[in-house]
Amino acid sequence: KAGVTQTPRYLIKTRGQQVTLSCSPISGHRSVSWYQQTPGQGLQFLFEYFSETQRNKGNFPGRFSGRQFSNSRSEMNVSTLELGDSALYLCASSPGQSNTNEAFFGQGTRLTVV
Amino acid sequence: AQKITQTQPGMFVQEKEAVTLDCTYDTSDQSYGLFWYKQPSSGEMIFLIYQGSYDEQNATEGRYSLNFQKARKSANLVISASQLGDSAMYFCAMRDSTSGGYQKVTFGTGTKLQVIP
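Residues numbered from 1 in each chain as written. Chains lettered and ligands numbered in written order. Predicted model: local features only at pLDDT ≥ 70, side-chain atom pairs only at ≥ 80, totals over all residues. Heavy atoms only, no water.

Caption draft 1: Expanded view of the overall build of chain A. The helix and strand inventory of chain A stands at zero helices and eleven strands. With the principal axes as the frame, chain A shows a C-alpha extent of 35 × 25 × 25 Å. For chain A, the residues scored as buried account for 51% of the 114 residues in total. Within chain A, residue pairs in contact and separated by at least 24 positions form 53% of the contacts whose partners lie at least 6 positions apart. Taken together, the 11 basic and 6 acidic charged side chains of chain A have centroids lying 4 Å from each other. (Helix = DSSP H or I, 4+ residues; strand = E, 2+ residues; numbered from the N terminus. Buried < 20%, exposed > 50% of the residue type's maximum accessible area, 1.4 Å probe, protein only. Contact = heavy atoms within 4.5 Å. Lys, Arg positive; Asp, Glu negative; His and termini not counted. Charge placed at Lys NZ, Arg CZ, Asp CG, Glu CD.)

Structural data, given as structure tokens:
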């Protein structure tokens, strides 16, 4: 059974550009969550998608957006990049929305904004 | 209030010894899940072990066990027979419901474990 796949693994962008990150969950999993990890802020929740609908959103500006497709794959978009957006972006896959569902993470996308 | 607290920023353990990483949590939900993840320097978040709030037995996965004390709201990770490859950051996390009724996972600040030969 394949794990969670995030692409690309590494990205370098310049300020003002936009970026799209992709996450393919484990087969059969319908919930995808996104997290930002920085040395200063730790792991912060961005948003969660379930059955193509955004179910929950963290405290991030509107420049951060996402979507989920019918095959449960999810994309995250960041527009007008800022230096502070440099981080490791992780996505997690769960079977559903139960609190007792396990959550499995991908390898992450390391974004560097210069 | 901090929902997940890991009070040990860093720890050392001798190879082949056991080590306990502390985690306390705070939630008003009756149904929640507790997780431990390992994050090596490569950045990948590796799932180690899971404990559901209704599970009466402590979870075990190979050399990992979770010491779940519900009344104390603690979920400590025990690694037996430490190996050099266990050197990494370890995160405790909890999945519960937000005030809006949605679920999300909250992470602690992590414990950096270093195994000494």
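Structure's up, so let's keep going.
Caption draft 2: Representation of the overall build of chain B. For chain B, the helix and strand inventory stands at zero helices and twelve strands. Start at the N end of chain B and walk to the C end: the helices and strands fall as β-β-β-β-β-β-β-β-β-β-β-β. Taking 117 residues into account, the globule formula puts the C-alpha radius of gyration at 13 Å, and chain B, at 14 Å, falls close to it. Considering only C-alpha atoms, chain B reaches an extent of 45 × 30 × 20 Å along its principal axes. (Rg over C-alpha atoms; globule rule 2.2 N^0.38 Å.)

Caption draft 3: Up close: the state of the cysteines. Residue and element names in this part refer to chain B. If you walk through the whole model with that rule in mind, you get two disulfides over all chains. Put simply, Cys23 and Cys92 are joined by a disulfide, and their sulfur atoms are 2.0 Å apart. Since a negative S-S torsion denotes a left-handed disulfide, the Cys23-Cys92 link at about -60° is left-handed. Of the two residues, Cys23 sits in the loop between strand S3 (19-21) and strand S4 (24-25) while Cys92 sits in strand S10 (residues 88-97), which places them 69 residues apart along the sequence. (Disulfide = S-S within 2.5 Å.)

Caption draft 4: The environment of Leu81 of chain A, seen in detail. Residues and elements named next belong to chain A. Structurally, the position occupied by Leu81 is in the loop between strand S8 (74-78) and strand S9 (87-94). Classification of Leu81 as buried rests on a relative accessible area of 3%. Here Leu81 is in contact with Lys13, Thr14, Arg15, Gly16, Gln17, Gln18, Val19, Arg63, Leu111 and Val113, once residues within four sequence places are set aside.

Caption draft 5: Broad picture of the interface of chain B and chain A. Contacts between the two partners involve 24 residues from chain B and, on the opposite side, 25 residues from chain A. Together chain B and chain A conceal approximately 2,000 Å² of surface at their shared face, both sides included; 49% is due to carbon and sulfur atoms. When the area that chain B buries against chain A is broken down by residue, the three leading residues are Met45, Arg95 and Gln103 of chain B, summing to 28%. The interface formed by chain B and chain A holds one salt bridge in total. Between Glu48 of chain A and Arg95 of chain B there is a salt bridge; the shortest N-O distance is 3.4 Å. Inspection of the region where chain B meets chain A yields five residue pairs in polar contact (both at pLDDT 80 or more). Those elements that place two or more of their residues in the side of chain B that touches chain A are strand S5 (33-39), strand S6 (46-52), S10 and strand S11 (103-107) of chain B. Here the side of chain B that touches chain A is composed, by residue class, of ten nonpolar, nine polar and five charged. (Buried area = accessible area lost by both parts, 1.4 Å probe. Salt bridge = Lys/Arg side-chain N within 4 Å of Asp/Glu carboxyl O. Polar contact = N/O pair within 3.5 Å; in protein donor to acceptor, adjacent residues only side chain to side chain. Nonpolar A, V, L, I, M, F, W, Y, C, P; charged D, E, K, R; others polar.)

Caption draft 6: Up close: the pattern of salt bridges. All chains considered together, the criterion is met by eight salt bridges over all chains. Bridged by salt links that share partners, the residues Arg63, Glu82 and Asp85 of chain A form one connected network.

Caption draft 7: Fine view of the packing of aromatic side chains. All told, the structure shown has 14 aromatic pairs over all chains when counted by the stated rule. Seen in terms of ring centroids, Tyr35 of chain A and Phe107 of chain B are 5.5 Å apart; in terms of plane orientation they differ by 85°. Their pairing is edge-to-face. Residue Tyr35 of chain A is located in strand S4 (residues 31-38), and its partner Phe107 of chain B is located in strand S11; the two belong to separate chains. Assigned by exposure class, Tyr35 of chain A and Phe107 of chain B land together as buried. (Phe/Tyr/Trp six-rings, centres within 6.5 Å; stacked < 30°, edge-to-face > 60°.)

Caption draft 8: Region of interest: the pairing of S4 of chain A. All names here are of chain A. Most of S4 sits inside the fold, with eight of its eight residues counted as buried. Of the two faces of S4, the one carrying Ser31, Ser33, Tyr35 and Gln37 and the one carrying Val32, Trp34, Gln36 and Thr38 are both buried. In the sheet, S4 pairs with strand S5 (residues 42-50) via eight bridges, with the strands oriented antiparallel. In the strand pairing of S5, Gln36 is matched with Gln44. The antiparallel pairing of S4 with S5 creates a hairpin that spans three residues between the two strands. Strand direction decides the pairing type here: S4 and S9, joined by seven bridges, are antiparallel. (Pairing = 2+ DSSP bridges.)

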